[in-house]
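Notes for the structure review
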Amino acid sequence: MRSMLALVLSLVVVVSAQGAPAPLPRDSIYALDAPLIDQSGRSLQLADKRGRAQVVVMFYTSCSYICPTIIDTVQDLDRKLTAEQRQRLGVLMISLDPQRDGPAALKATADKRGLDVTRWTLAQPRQQDLRAIAGVLGVRFRPLASGEVNHTGVLVLLDAEGRIVARSTKTSGQVDPQFLKQVHALLTSG
Amino acid sequence: MRRFLITLGLSLAVCATHAGGPKYVKLPGGEYDSVLKYEDSGSRVRVAPFSLMSVPVTNADFLAFVRTHPQWQRDAVAGVFAEQRYLSHWAGATELGANALPKQPVIWVSWFAASAYCKAQGARLPTWTEWEYAAAADELRTDARADPAWRERILAWYAQPSKRALAPVGTQRANAYGVRDLHGLVWEWTDDFSALLVSADNRDQGDPDRLKFCGAGALSVGDRENYAVLMRVAMLSSLDGADATANLGFRCAR
Amino acid sequence: MRRVPFLLCLCAAIAFVACTPREAATPTPAPVAAADGSAAAKDSKSAKGDFGPPQGEPVKAVLTSPPMVPPATGRSAPAKVIVELEVVEKEMPISEGVSYTFWTFGGTVPGSFIRVRQGDTVEFHLKNAPDSKMPHNIDLHGVTGPGGGAASSFTAPGHRSQFTFKALNAGLYVYHCATAPVGMHVANGMYGLILVEPPEGLPKVDREYYVMQGDFYTTGRYREKGSQPFDMQKAIDENATYVLFNGSEGSMTGDKAITAKTGETVRLYVGNGGPNLVSSFHVIGEIFDKVWFEGGSRFQENVQTTLIPAGGAAMMDFRLEVPGSYVLVDHSIFRAFNKGALAILKVEGTENKAIYSGKEVDEVYLGDRAQPNLAAVTAAAKAATSGELTVEEQMKAGQALFAGTCSTCHQANGAGMAGVFPPLAKSDWLAANPKRAIDVVLGGLTGPVKVNGGDYNSVMPPMSQLTDDEVANILTYVMGSWGNPGGKITKAEVAERRKAKPLAAAGH
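Residues numbered from 1 in each chain as written. Chains lettered and ligands numbered in written order. Predicted model: local features only at pLDDT ≥ 70, side-chain atom pairs only at ≥ 80, totals over all residues. Heavy atoms only, no water.

1. What about the environment of G173 of chain A?
All names here are of chain A. The test is simple: Every helix listed is a DSSP run of H or I at least four residues long, and every strand listed is a run of E at least two residues long, numbered separately from the N terminus. Accessible area is worked out with a 1.4 Å probe on protein chains only. A residue is then buried under 20% of its type maximum, exposed over 50%, and partly exposed in between.
You can see G173 is positioned in the loop between β9 (164-168) and α6 (177-189). Judged by its relative accessible area of 10%, G173 falls in the buried class. C-alpha of G173 to C-alpha of Q75: the two residues are 98 residues apart in sequence and 8.5 Å apart in space.

This is the structure in structure tokens:
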């Protein structure tokens, strides 16, 4: 009995010592436990995005109003970065319609818009996590019976630790110059 | 010996039910006219039968929760889940103190914290529709909203500043469903508070700008006479998930 | 299929409203101002003035509580002005012994007065006190932009928000809360004024005051004591309980009256928060030399009463010539005297009789319908002021007055009533000491008295309504009638007796 206990304890110690990352800052959104599935069917955690700055948006594939322009806005942002800066910035697009936006639909959108999937992740969350994810990002949404979702359009800039550095509600195709300035500042500082 | 065991078993069972925590009341559900006019479905809304806590969650209830879930104590909680004034009326992270009586409704609590509490009870926060449905009742009728007296009582509460000490839960008479304190005590979180897509300029009614919320203009208020409910919508739409205020609490639903 | 709405989005270029904006919207780049700083935009006849980007260090706006007004900005170039305003919900007296829960900007009703210059860039910080029950926002009528700022300032209790606007138009503007239900927020006192000075500033005056009218609706009646709640139905019916200047009865009366001196020019910045009623604003005893009606750029002159719409304002200048109390009213006059729309401007200084003399004459005026015999009374009164009367004149006047005053009890022939009222005719009591009759008429008579062999014990009330000359005339008439010894009672004698025994009743 006692040796079993000792074994378990030592395993715990080993495991925890192994991948012991620095503690998460208290205002990081990665404190939220949110499993996701990306456009290639791979499972990941929201917190897996830690380590690289991110621009996060919420959208859904069958959206015909502002979602296309949200993507335009992020692409516009991309174009205004140097190649080196782009490498240090990931893009995470989380679907507001997990019922319909499985990996296939997400992949179709990525292909259609010619998105660079080495940097852009389109993700399907769990239905039960949707409000919480929107809550930490400050997105407001209402699903309709028709399957459409009414929602606010927001670009959220996270640093490598998951802290919100900037938000922009300008999603009409051209990135807000103020927001762009903050992206530059973040990517040049380190 | 057997008799002893039976008595012991019975008393343990009794203790268990007492320690079971807050009481839930069953509501039958049905169709009713919401004060909000939705573009897709109009005002008529259907509510499935559900259960609602008869009173808001108290300081004592919440204290028990943070003791068993230390990640929700105020010095440990992540900043994205609760702003810095979270539980600031308590004397300590696990101590209520003089400003937070056990039977008062818990306040300075964020949506994330409220959701976590309900989840730990095997429950959830009520939806706005469920809350509005339960709150339409007065002591005798399930829908008292047409009665100006009902409206006046609620408006009278809005007119009082928040400086006065909160009453303990459960002191008001139950409404026709058996639920207490939906009005006159604290504002309450709903699960889908962020679905209230109201324009920050609340006067935008019949807003034709469909791009505002990606396919819909701001929510219209169907029954503009019902200021009492309108103000609740205004309140919830001004908040974010990590926010907390001195007059905002919650209760759970199942 | 998706192209059309996509293009629509691009073409429309609408800023999306997210309910919780975290930073101020990017200001649109300002066009370069014309070199002479002239107001009009180049391509239209708009009065909007954009003088270019702010210059110099940001300035913190001086805010004042009513009835005071911040000093002139004194600026000649556009600046960045930082305004910090806090919403406080608090219980305050609305009338003596009556309290009301007001929702306020800056702790007062009306809210703090904001003063900027046309072309200034205003960075507006709105804070909502943590113990507020309601969320609030602000709509400034001087803002060009969605909701007048309301869309960008929706603030939950214990939070703050910020937005920036450029004050493009000069004028005096109302600001108010625009959270639903707007009527209730306004009715609870959430309004104030923002002055956007024209680029050259306003003409200088000696004193400036801030006055704002509002209508209030309580469930209790006017002046019903206690803590009164807001009554929504009365507000919808526009049935005001109180109509007040600066949020409470007596806010500017008594020792809180606003003051000035003769020879000074006073400017009033007057707003009307409503929520419902239009004001007919008038200052009793003064004429507005200039009224910038509706708070705009043009003025009218020589105005007695000016209309101030609900949600509007007006500015007026007037010079004070004579001292006194000047009453500010809403000339829908029942509001002034029965609902509280009254304030006082107390002016001190030297009199100027050439402009206003004060009361010169106060005479009896009986009109054409007077009885002929009362002409004698008038004649006597007139004569009394300029000199002595003859006995005949006095008797004539006295007879007329006796008929109206004394004959009820003592009879027209002086016979009195046996056992009740002593006779005056051939009265031995009067003959014994005629002068003591003066005391009886002035002070009354109680207790037992023996006249002409009869015992009387009644109460004669003092005839305090009679003047000295009237008493003299009546007594002269009595003494000269019905076998009494005659003689004259003069006004001076009566005055002397009145002074000697002012309140005591004559008699035992």
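2. Notes on the packing of aromatic side chains
Basically, it comes down to this: Each Phe, Tyr or Trp ring, with Trp reduced to its six-membered ring, pairs with another whose centre is within 6.5 Å; inter-plane angles below 30 degrees give stacked pairs, above 60 give edge-to-face pairs, and intermediate values give tilted ones.
Tallied over the entire structure, the rule returns 32 aromatic pairs over all chains. Between W157 of chain B and W187 of chain B, the ring centres sit 5.3 Å apart and the planes meet at 65°, which makes this aromatic pair edge-to-face. Of the two residues, W157 of chain B sits in helix α5 (residues 148-159) while W187 of chain B sits in strand β5 (residues 187-188), which places them 30 residues apart along the sequence. Both residues of the pair, W157 of chain B and W187 of chain B, count as buried. Geometrically, the ring pair formed by F245 of chain C and F281 of chain C is edge-to-face, given 5.8 Å between the ring centres and 90° between the ring planes. Taken together, the residues span a long stretch of sequence, with F245 of chain C in strand β12 (residues 242-245) and F281 of chain C in strand β15 (residues 279-284) at a distance of 36 residues. Look at F245 of chain C and you get buried, because its relative accessible area is 1%.

3. A word on the side chain of T476 of chain C
Residues and elements named next belong to chain C. Threshold: We define a polar contact as two N or O atoms separated by no more than 3.5 Å, with the added condition that, inside protein, one atom must be a possible hydrogen donor and the other a possible acceptor, whereas residues neighbouring each other in sequence contribute only through side-chain atom pairs. Residue contacts are counted whenever heavy atoms from the two residues lie within 4.5 Å of one another.
Relative to the helices and strands, T476 is located in helix α10 (residues 468-479). Within the local environment of T476, its side chain forms a polar contact with the side chain of Q394, the two groups lying 3.4 Å apart. From its side chain, T476 meets the backbone oxygen of I489 in a polar contact 3.2 Å long. The contacts of T476, once residues within four sequence positions are left out, are V391, Q394, M395, G487, K488 and I489.

4. Some thoughts on the pairing of strand β10 (residues 207-216) of chain C
Residues and elements named next belong to chain C. For clarity, the threshold we go by: In this scheme, strands are said to pair when DSSP sees at least two bridges between them.
Burial within β10 is extensive, with nine of its 10 residues counted as buried. As paired strands, β10 and strand β14 (residues 265-274) are joined by eight bridges and run parallel to one another. Bridging across to β14, Y210 finds its partner in Y269. Relative to β12, β10 runs antiparallel, the two sharing four bridges. Note on β12: the bridge partner recorded for D215 is V243.

5. Points about the pattern of salt bridges
Keep this limit in mind: Salt bridges are identified by distance alone: a Lys or Arg side-chain nitrogen within 4 Å of an Asp or Glu carboxyl oxygen.
Overall, the coordinates contain 40 salt bridges over all chains when judged by the stated rule. The residue D147 of chain B makes a salt bridge to R141 of chain B at a minimum N-O spacing of 2.7 Å. Judged by relative accessible area, which is 23%, D147 of chain B ranks as partly exposed. For R141 of chain B, a relative accessible area of 36% translates into the label partly exposed. For E208 of chain C, the salt bridge goes to R267 of chain C, with nearest N and O atoms at 3.4 Å. Of this pair, E208 of chain C sits in strand β10 while R267 of chain C sits in strand β14, and the two are 59 residues apart along the sequence. Look at the salt bridges and you will find they share partners, linking R115, E197, E208, R267 and D317 of chain C into a network.

6. Quick notes on the sheet that holds β9 of chain A
Residues and elements named next belong to chain A. Heads up, the condition is: Where helices are involved, their axes are fitted lines through C-alpha atoms of the stretch in contact, as for all axes, and angles between N-to-C directions lie from 0 to 180°.
The strand order across the open sheet built from seven strands is β2-β1-β5-β4-β3-β8-β9, with neighbouring strands paired in mixed fashion. With one partner strand each, in any of the chains shown, β2 (43-45) and β9 form the two edges of the open sheet. On average, adjacent strands in this sheet sit at an angle of 30° to one another, irrespective of strand direction. Of the pairings in the sheet, the one linking strand β4 (residues 89-95) to strand β5 (residues 120-125) comprises four bridges and is parallel in character. Residue pairing for β5: I94 is matched across the bridge by A123. Sitting on the sheet, helix α2 (residues 67-79) touches β3 (53-59), β4, β5 and β8 (155-158), and the angle it makes with β3 is about 165°.

7. Regarding helix α5 (residues 130-137) of chain A
All names here are of chain A. By the criterion of burial, α5 is predominantly enclosed, with eight of the eight residues buried. Turning to α5, its buried residues number three or more, namely L130, R131, A132, I133, A134, G135, V136 and L137. A positive backbone phi angle near 80° is found at G138, which sits one or two residues after α5.

8. Observations concerning the state of the cysteines
Where two cysteines share a covalent bond between their sulfur atoms, that bond is called a disulfide. Test applied: Cysteine sulfurs are considered disulfide-paired once they come within 2.5 Å of each other.
Considering all chains together, one arrives at two disulfides over all chains under this definition. Across the disulfide, C63 of chain A is cross-linked to C67 of chain A (sulfur-sulfur distance 2.3 Å). One quick way to see it: the torsion about the S-S bond of C63 of chain A and C67 of chain A is about 90°, and its sign makes the bridge right-handed. With its sulfur 2.0 Å from that of its partner, C118 of chain B forms a disulfide with C252 of chain B.

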